Every structure is written in C-alpha cells, then in structure tokens.
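Now for the letters of each chain:
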Amino acid sequence: MEVGSLPVELWQLILSYLRLPDLGRCSLVCRAWYELVLSLDKTRWRQLCLGCLEHRHPNWPNQPGVEPRSWREAFKQHYLASKTWTKNTQDLESSNCLSLFRRRKGRRRLCVGVGGEFGSLRAALAAASPYDCLVLLPGVHEEQGEVLLKVPVEVVGQGKLGDVALLASIDQHCPTARLCNMVFMPARFTSVLYKTTSGYVQFDNCNFESGQLQIHAPGTCQVKFCTFSQSSIHLRSMALCVLENCEFTGSENASVTVEGCPSSDRNWACKHLAVLAKSCAAPMREPNPAGCPVAKQDGWGESLLEPVRTCEIVVGEERSSFLSAVDAQALLGSAQEDTEFGESLRAAKEKGYQALNSNSSDSDLCSDDEEDAQAAYKLPYKAHSLSHTLADVTHSRLQSNKLHALQRDLKLKSLQQELQQDKEAQSLANSLQGCIIRECLFRDGKGGIFIYSRGQAKLEGSIFRDLTYAVRCIQNSKVIMLRNDIHHCKASGIFLRLSAGGLIADNNIHSNCEAGVDIRKGANPLVLCNKIHSGLRSGIVVVGNGKGIIRSNQIYGNKEAGIYILYNGNPAVSGNHIFQGLAAGIAVNENGRGQITGNVICENQWGGADIRHGGDPILRNNLISCGYSDGVVVGECGKGLIEGNTIYGNKGCGVWMMSSSLPHLINNQISHNSIYGVAVFCRKDDAGDYPLSQGASENFQEEREGAGEENDPDIEEEYLAARRPISVALVELNSINHNGAAGLHVKSSEALNIIANVIHANRDGGVAVLQSSQLTRIANNSISCNSRRGVLVEAECQVELRGNGIYDNSSHGIVSKGEGVIMENDIIGNHRCGLQLLQAADMKVTNNRIQSFRDYGIALFDEAKGLVQENLIFQGRSKKSILRPMSNAEDCIIQNNVLLTFKKRFEMECMLINPPARPHMEGGATGSCTAAGDQRVSSITTRVDGGCHNHGSIFCTIL
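All of these numbers come straight from a predicted model, not from anything done at the bench.

(A) Spatial organisation of the overall build of the protein. Helix and strand counts for the protein come out as 19 helices and 80 strands. Here the protein, with 959 residues, has 60% of them falling under the buried criterion. A sequence separation of at least 24 residues applies to 52% of the contacts in the protein between residues at least 6 apart. Accessible area of the protein: about 37300 Å², with a carbon and sulfur share of 49%.

Structure, rendered in structure tokens:
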C-alpha cells in the first residue's frame, strides 16, 4: 500500500499493533515505511521496551522517571546486549567462517531446573557446546562446589527478575560469557560469587547479594542494569571495563575497588568496550545553577543561597549594576546614617577593635558656621587634588567602570572553556583507561569507590549519597570524575591522598558532614567547575603537602571555610566564586600556603581570607567583598603577600592584621568597608581560631607530624621568586578610601612601614597611630579629604612621617602626642591646624610646607617639645596667626622657619614647584611612584593636571 493513501496518524495506529518481527519487515519496504516505523518511538517502541521482563528502564536507577532520548534506541541496546558478548576475535576452530556459521546456526538452548533437560548448572555446562544458551528455570539453583566455566556460554534466568536464584561460586576460564536476569547469592563455602583472570564477562539485569565479584587483568567485564546489595566488585590492573546503570546499596566496605596500574596486556573485549564507552559518552554540559535545589538563580550565572544580602555580587555581562540600590550609596561615597555608623562601631567594639574616641584632642571639629564659611583665599592646589579630580559623580563613574571591567575578568568559566584552554584537563576528560563507571547509584553504605596502588577509574553521571565516603583515591592512583552528584556523606565526599591525582569536574558536591573534597599528602588533582556547597564543614581541604589546581568552582554555603589550607598544603586557587559561607571564604592556617588569584570571595560570615598560625599564601587579584566581617584577616603568626586585591563593602574592616605576623599588603583597592580600611594590631587573637580536626574518621595528626617534610625544591624556588623578603610588616601602594572609620588604624607594639598609599575620603581620620612602641614609618603617602584629621599620633608612640602629602582633611592635618620625626611633608588645605603638637609630644619637625585652611599652620600646646625648624609655613586666613607656640616646655626649639602671607595668586601657584607636590611622582600622567629610600618602584596609575606657571601648582595623586 502507498503510505499516502491513509493519514499518517492512522498508519501509526495500525502499526502500533505489530510485533517486533513485523515492525522489522515493515521498515524494509521503503524509506516512507521506514520513517513511519521510526515515528512510533513514543508509542509502540516504548511498549516493547518496558514490556520486556529482562530489561530495566533505560535511565534506571538514577532517573527512572525521565524518558530516554529514543525508546527505540534504548530497546535496541537492550536487545543487542545478548549479541555483543559473542564478538570474540579469537577463533576456536580452524576456519573463521565455519566458526561463525556454527555460532549462528548451531547454537542450542539448554534448560536447567525442575522440568528441564538438566538438573544442575554443572551438568548443563558439561554438555554445553561453545556459545550455547543455558536457561535457568524459575526456582533456587544451588551448587555445592565451585563451578568452572570452561566454554563460552550464555546463562539466562527465565521469567522476571527474582524468579531465578543461583547459589554458586563461578570461576571463568573461557574467553567470554554472559549472565542475565538472575539473583546471585553466595555459596556456603565462599563469599566470591564470580571471578575471572583472563576472559570477558557480561552481566545484564542481575542482582548480587552479600557477595563479591573479582575481575583480574587481562580479564575484563561489562556490568549493566545490576543491583549490588551488600556486595562489591574488586577490579585488579584493569585495562578497561565498564559499569553502567547499576545500583550499589548497603556496602560494608567499598562497593567498587580498583587496584593496580591498568594492564598493558589487553583483553580481546577492550576494543569493543572502548567503542561502547565513546559512543555512550555524554557531551559536556554547561553549568546550570537552576539545577541545584538549595540555590536561587542570580544574574551573574551563579547560584546564591538564601537569604541574599542587599549587597549583591554581580559577575556577568547581563547585569548593569554592581551593588543593589541600598548599598550603592556606600559605593558612591554617600554618607551613611549616624545610626548605621554607630552600629558599625559597636560591632567593631564587640569584635575587639579600637572604637573611635570622641574625646580625643582634635575631635572638636569646626562648628556648622565655620564649616559653611568660605576661606578668604587658599592655595590653588585644590583643583588638582584627589578630591576634586575624583568628584563624587566622577568617582562613582570611574569606580563603576572599573568594577564592570573586573566583572568581565572574573566571570566564572564553563567546563567547555576550561577544557579548551587546558590541554591536560582535556586529555584527562577524554581518556579511557581502567574502570569506567557511568550513571550508577551508590547509597546507604560505607564506601563508594576505592582506588589505590596506581589504579585508574573514570566516573560519569553517577550519584553517591548517604555513604561514609564517596570516593577514596590514594597511592599514585588517578580518578576522573565528571558530572556526578555527591551528597550526605558522613565523612569527606572525595578523598585524595599519597600523590593521587586526576580530574574532578562539573560535579555537584553538597551536604557532606566533612569536606566536599579532601586533598592530602602530595595529592595533586585538577578540581574544575564544580558546585561545592552546603557542607557541614569546609568545602575543600588541602592538608599535609597536598597540592592541586582548584579553578572555576562555585563554593558556597559551607559551615566552615570554603577552602581550608593547612600543614604545608600548597594549591593553586584561581577563578573560583566563594560566597555565603558561614565562616571564612579561604582560611590558610598551620603553615599552609597556596597561590590564591582571581577569585570572587563575597558574603562570607568571617573574613573573606583568614590567615593565621604560620599561614603564608600569595593572595593576588581577588575580589573580596560584602562580607559580614572583615575582608582579609592576618591573625597571630600569619604571613602572606596580599597584592592587587579589590576589598570593598565588608561589614568589618577591609584588612585586619597583626604587625608581628609580617604581612605584605601591596597595591590593593580597599574601599567602602564599614569600619577601618586597614587595622593593624599586635595582640594574641584567640577568637576565631579554626579547629584542628576536619573529620570523624580522619584527623590531622599525621599531617601535623609530617609538617616539617621537605617541599619540592622547584616549587619552593618558584614560590620564593614571587615574594619579596621583608623584616617589617609592610603596607604599600594601596588605595584606602571611603571606609566607615579611619583609613588606617594602628595599635601595635611592632614596627610597621606605611609606604606610598592613597588614603582618601574615609569617614574618620586618614591614619590613626594609637599604640606604637616601635617605629611606625609613614612615608610618601597621599592622605586627603578624610572626615577628620589626616594623621593622629597618640602619646608614647614612635612615628616617622616623611614625604607625605596631607591635603584637605576636615580637621587638623597632623595631630601628635607622641615622638618621632615629621619631615618633608606637604600639609596643605586642611580645615583646622596644619600641625598640632599636644601634651608631651616630642617631635622633630623640619622641611615641611604647611598651610592651613582656616586655622594655625603649626600649634604647640601643653608640654610639647622638640625641634621646629626650616619649615615653610603659609597663612590660610588673615585673622589667624601662622605659628602659635603655646608650649610650656623649655626645650621646645623653634627656629629658621619661613612664614609667608601671599598677596598675589602667582606667588601661591609657585609655592610647590621645588620640590613638586608630595608624594613625588615621575613619568607624567602614567608615571611611577617612587618610595623613599630603597623601596621598590611600582608602576601605578597617576594623574597630573596642568603645570605651575600656566594652570596652577603641580599635584600628582594616585588614583
């Protein structure tokens, strides 16, 4: 009949009644009939596939409710399973043609059991010819001794699964065999259900109870649609084997054990299995945050947990704003409400920070009338200062542009992008060696997969839940994990140790009682593009000389640190998004190290990065923001190079550190934090320490004992090359602006160097030195437009102020009650005194240029003493005297100062020509900042507006 003679729907209805042989004949009529048969995929092919008792649902056991892409193709794969085991290239006869002919035409069907031809499996095997089919009739078949399988046969249970039970131990000595549709139970004398050391065995739709399969190379196996109840598979030196669509439950040890290096002596079936593995490999999926049930989709392509703060991180091109409307005001430098600021200060006090003292000697700021009054005249530097070069609108625009550029740079990469850029990862993802485990379910037992002694396994699309651990990989073994779901393990989800390696990519690892990924003792995996979240401890732990490349992961919602590095752990951590953790984003403790670059670390309850107890990482070019505590914490005995990071919008300080720990803080953008920009303390911090145990079954004792082991000399040399040795804590070349309290707060008994920073527009003073028994060196900084004084030095503090530009602060330029040197500074345009010495101050004040906006240039009170000489002092308003010596100290020496009152604008314009305005910049509009003495020269962005003789004085400011 012509297909066009009836409607297609009617043809489909007619053909849906045909049996499988008839459908095959119809498909051979012509192309139109072939397409009609294919169109029955959702109807007749689905009925045939689900109606076969020997077959399970194609997506069993993980997604039996999801339909396959093609029911016909799924049925075809089930049907062909009974054919593939015969593809043995070895020939038992002299002629390939005759052998093939006998297999197809002379194959017998032997029935075993009550009513069958043979009473036992052993008797049937004795009479069987190669490739015969042995059918076990319903019932229990028990063998008293070990059964030797010497000829290739197919053993199939009749009826539905569970009707046939086989109590036997089978030892295969033939090239190939297939067993299907049976329940295997152990014999009385052994727990081994099946073993082979040479041949290929194929298990389809079987149940294994309380026993073990042993497959040793060059033997191999394919196991599909099987259930293992309190049973396991032991694979030794496997060149290639495949486990697909299997369920493992109630294991007392590991469900699958992979031992030994893949054998070079490959079984005949390895070629067939390699083709099968490649044909069934699923394409790499794009990250799908919506698939995570505990997360909500956000605009930057990531999953954010509830509740989300109003300070919203956006790392993606589709969003136009960096912060929400509420916290955008802080980013634009707008003033916060007094109540909010008071809450921030109370939070600081509770945490142990030094709160602001409203009774300090320079706290009596100008009255409202004085603030509204305009000065009669002042030096015309202001048109070129930081505050007016970056007016509020301009500043917010520049900041927004920079942050949008940062968004693009730090956008999370997909696995496809990572594999395109990393050939090693691509090679691992495509490799086919050892044991391939695909679409399996491991649940309710002790262990999932154990790989040791140079074994290799590849895991794809499997689920591991409610186990003690999912995967353990040790002793130079290699594991490749793609698109697996690992959750609710009682210990760590994935555990790598003793130089293990491999690729862990695109997995969803969550809700585990210990770490999601635990890397120890020289293990060195690639951890790419995973979601690691909601753990009861840390997301990733790197311990005891563990290494690894941790890149492009989403790590969020863990109760401890997102990434925890200790005991000489030294990973490379880059391009990750670490957010909404209940502790620190990254914690480096107990001599941990690591190179931590280009990460987005936000909205964590503790510090974005927390470094203590010998931790010594390189923290570079990260975005650390919107934390509920401090941005970066360098605690007791912490070290580290903290360079090029953007640290903003944190509820605590931008950086909280102890000077005795010798951190190196260089070239960071620290802004819009609720308390201090940088707080430097020197006291033993006993709060917030991390526990020394990360697991119930595993602890850190062995890593602690081995912490003194020698590191790789090549890695050590590379690590040291990136560092500059320092003997004093160093704060250098940072931009510290728009923070809720002082820009830099120092309360330390250790030496400190503060070099070439921009400290601008903070809501309290620029620099506050409240305690400094050893010298605090403040050199070549630009300190401007802060809401109170530029620099405060309390009593008994030792300070050297040299080469700074202190401009346009809302109170005094410098207030000192301590001792030290104030030399070669420009103190210009501040709203109160340029320099004020109080109480028992003992300062040497020489070669400064000082001009006050509306008060004295220099004022000495109380018992202040010292030497004030060779300063150039300009009058700000005619009603105020330039120099006010009111000190009672007899040894207060004031000599050789130049006091000037300008009458012409030209005179004022030229006052800062020789030398140019401090801090000194070289190289024009894109020059370099030259620190005092032998300090390093670092290229940074600068700005020069105009020249002295034409457009006013030259003022260079670090943007």
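(B) Quick peek at the pairing of strand 1 (residues 109-112). On strand 1, burial follows the alternation: L110 and V112 on one face are buried, whereas R109 and C111 on the facing-out side are not. Here four bridges tie strand 1 to strand 2 (residues 133-136), and the two strands are oriented parallel to one another. Within the sheet, the bridge partner assigned to R109 lies in strand 2 and is C133. At this point the chain moves from strand 1, through helix 7 (residues 121-127), to the parallel strand 2, and the crossover so formed is right-handed.

(C) Region of interest: unusual backbone geometry. Backbone torsion omega between W60 and P61 reads 5 degrees, so that peptide bond is classified as cis. One can find P61 in the loop between helix 4 (44-51) and helix 5 (71-84). A cis geometry characterises the amide bond from R918 onward to P919, with omega recorded as 0 degrees. By secondary structure assignment, the location of P919 is in the loop between helix 18 (905-909) and strand 76 (921-922).

(D) Local environment of the packing of aromatic side chains. On inspection of all chains with the given rule, the structure shows 16 aromatic pairs. With centroids separated by 5.1 Å and ring planes inclined at 85 degrees, the aromatic side chains of Y194 and F203 adopt a geometry described as edge-to-face. Accessibility classification places Y194 together with F203 in one group, the buried group. Over the ring of W60 we find R56; its NZ or CZ atom is 4.0 Å from the centre of that ring. The ring of W45 is capped by R72, whose NZ or CZ atom sits 5.8 Å from the centre of that ring.

(E) Representation of the pairing of strand 31 (residues 517-520) within the structure. Alternating residues of strand 31 divide into V517 and I519 and D518 and R520, and every residue in both groups is buried. Two strands pair when backbone bridges link them, and strand 31 and strand 34 (residues 540-543) are joined in this way by four bridges, in the parallel orientation. Within the sheet, the bridge partner assigned to V517 lies in strand 34 and is I540.

(F) Region of the structure containing the side chain of N757. Residue placement: N757 occurs in the loop between strand 56 (752-755) and strand 57 (758-760). You can call N757 buried: its relative accessible area is 0%. Only 3.2 Å separates the side chain of N757 from the backbone nitrogen of L733, close enough to count as a polar contact. Sequence-distant contacts of N757, that is, excluding residues within four places in its chain, are made with V731, E732, L733, N734, N780, N781 and S782.

(G) Representation of the environment of G145. Residue placement: G145 occurs in the loop between strand 3 (139-142) and strand 4 (147-149). Accessibility expressed as a relative area gives 24% for G145, which makes it partly exposed. Considered as a pair, G145 and S169 are 24 residues apart in the sequence and their alpha carbons are 7.4 Å apart. Apart from the residues lying within four places of it in its own chain, the contact partners of G145 are R122, S169 and F189.

(H) Representation of a nonpolar patch on the surface. Taken together, L10, L13, I14 and Y17 make up a surface patch of nonpolar side chains, about 420 Å² in accessible area. The class of Y17 is exposed, set by a relative accessible area of 66%.

(I) The nonpolar core, seen in detail. In this structure, I170, F184, F203, L235, L496, I540 and L744 are the most contacted members of the largest nonpolar core, which totals 131 residues. With near-sequence residues (within four places) excluded, F184 lies in contact with L166, I170, L179, L193, F203, C206, N207, F208 and E209. One finds Y131, L273, A277 and L432 within the second-largest nonpolar core, a separate group that totals 15 residues.

(J) Representation of the pattern of salt bridges within the structure. In this structure the tally under the stated criterion is 33 salt bridges. Its salt-bridge partner being R483, residue E460 comes within 2.8 Å of it at the nearest N-O pair. Within this pair, whereas E460 is found in strand 24 (residues 456-460), its partner R483 is found in the loop between strand 26 (478-482) and strand 27 (485-487), the two being separated by 23 residues in sequence. Of the residues examined, E460 reaches a relative accessible area of 4% and is grouped as buried. Judged by relative accessible area, which is 11%, R483 ranks as buried. Here E514 and R537 are joined by a salt bridge, their closest N and O atoms 3.4 Å apart. Pair noted here: E514 is in the loop between strand 30 (508-510) and strand 31 and R537 is in the loop between strand 33 (531-533) and strand 34, with a separation of 23 residues, a long-range link. Comparing E514 with R537 shows no difference in burial state: the two are buried.

(K) Region of interest: the state of the cysteines. Summed over the entire model, instances satisfying the criterion amount to zero disulfides. Cysteine C435 remains unbridged, with the sulfur of C241 as its closest cysteine sulfur at 3.7 Å. Using a relative accessible area of 0% as the deciding quantity, one classes C435 as buried.

(L) How the structure looks around the packing of helix 4 against helix 5. For the pair helix 4 and helix 5, interaxial distance at closest approach is 8 Å and the crossing angle is 35 degrees. Considering only the axes of helix 4 and helix 5, their crossing is left-handed. Of the residues in helix 5, those touching helix 4 at W45, R46, L48, C49 and L50 are W71, R72, A74, F75 and H78. Counted by class, the contact of helix 4 with helix 5 contains seven nonpolar, one polar and two charged residues.

(M) Just the side chain of D764, in detail. Structurally, D764 is set in the loop between strand 57 and strand 58 (767-772). Within the structure, D764 has its side chain in polar contact with the side chain of R788 (distance 2.9 Å).

(N) Up close: helix 8 (residues 270-280). Within helix 8 the residues assigned to the buried category are C270, H272, L273, A274, L276 and A277. Check the buried side of helix 8 and you find it contacts helix 5, strand 11 (200-204), strand 14 (220-224), strand 17 (240-244) and strand 22 (434-438).

(O) Region of the structure containing a negative patch on the surface. A cluster of like negative charges, contributed by E796, E819, D842 and D891, occupies part of the molecular surface. Note on placement: D842 falls in strand 68 (residues 842-846).

(P) Main features of the confidence of the model for the protein. Counting all residues, the mean pLDDT for the protein is 80, and 74% of those residues have values of 70 or more. Here residues 684-697 is a poorly scored stretch, pLDDT under 50, and it has 42 contacts once near neighbours within four places are set aside; other chains count. Counting interchain partners and residues more than four positions distant, the pLDDT-below-50 stretch residues 921-959 has 96 contacts.

(Q) Up close: the environment of S810. With respect to the secondary-structure elements, S810 resides in the loop between strand 63 (805-807) and strand 64 (814-816). The class of S810 is partly exposed, set by a relative accessible area of 21%. Put simply, S810 and N786 are 24 residues apart on the chain and 6.2 Å apart in space, counted from C-alpha to C-alpha.

What counts as what
- Residues numbered from 1 in each chain as written.
- Predicted model: local features only at pLDDT ≥ 70, side-chain atom pairs only at ≥ 80, totals over all residues.
- Heavy atoms only, no water.
- Helix = DSSP H or I, 4+ residues; strand = E, 2+ residues; numbered from the N terminus.
- Buried < 20%, exposed > 50% of the residue type's maximum accessible area, 1.4 Å probe, protein only.
- Contact = heavy atoms within 4.5 Å.
- Areas by Shrake-Rupley, 256 points an atom, 1.4 Å probe, with all protein chains shown as cover.
- Pairing = 2+ DSSP bridges.
- Right-handed = clockwise from strand over helix to strand, strands pointing away.
- Phe/Tyr/Trp six-rings, centres within 6.5 Å; stacked < 30°, edge-to-face > 60°.
- Lys NZ or Arg CZ within 6 Å of the ring centre and 35° of its normal.
- Polar contact = N/O pair within 3.5 Å; in protein donor to acceptor, adjacent residues only side chain to side chain.
- Patch = residues over 30% accessible without salt bridge, like charges linked within 9 Å, V, L, I, M, F, W, Y side chains within 5 Å.
- Salt bridge = Lys/Arg side-chain N within 4 Å of Asp/Glu carboxyl O.
- Core = buried A, V, L, I, M, F, W, Y, C linked by side-chain atoms within 4.5 Å.
- Disulfide = S-S within 2.5 Å.
- Axes fitted to C-alpha atoms, helices over the stretch in contact; angles between N-to-C directions.
- Left-handed = near helix turned anticlockwise from the far one by under 90°.
- Nonpolar A, V, L, I, M, F, W, Y, C, P; charged D, E, K, R; others polar.
- Lys, Arg positive; Asp, Glu negative; His and termini not counted.
- Charge placed at Lys NZ, Arg CZ, Asp CG, Glu CD.
- pLDDT = per-residue confidence, 0-100.

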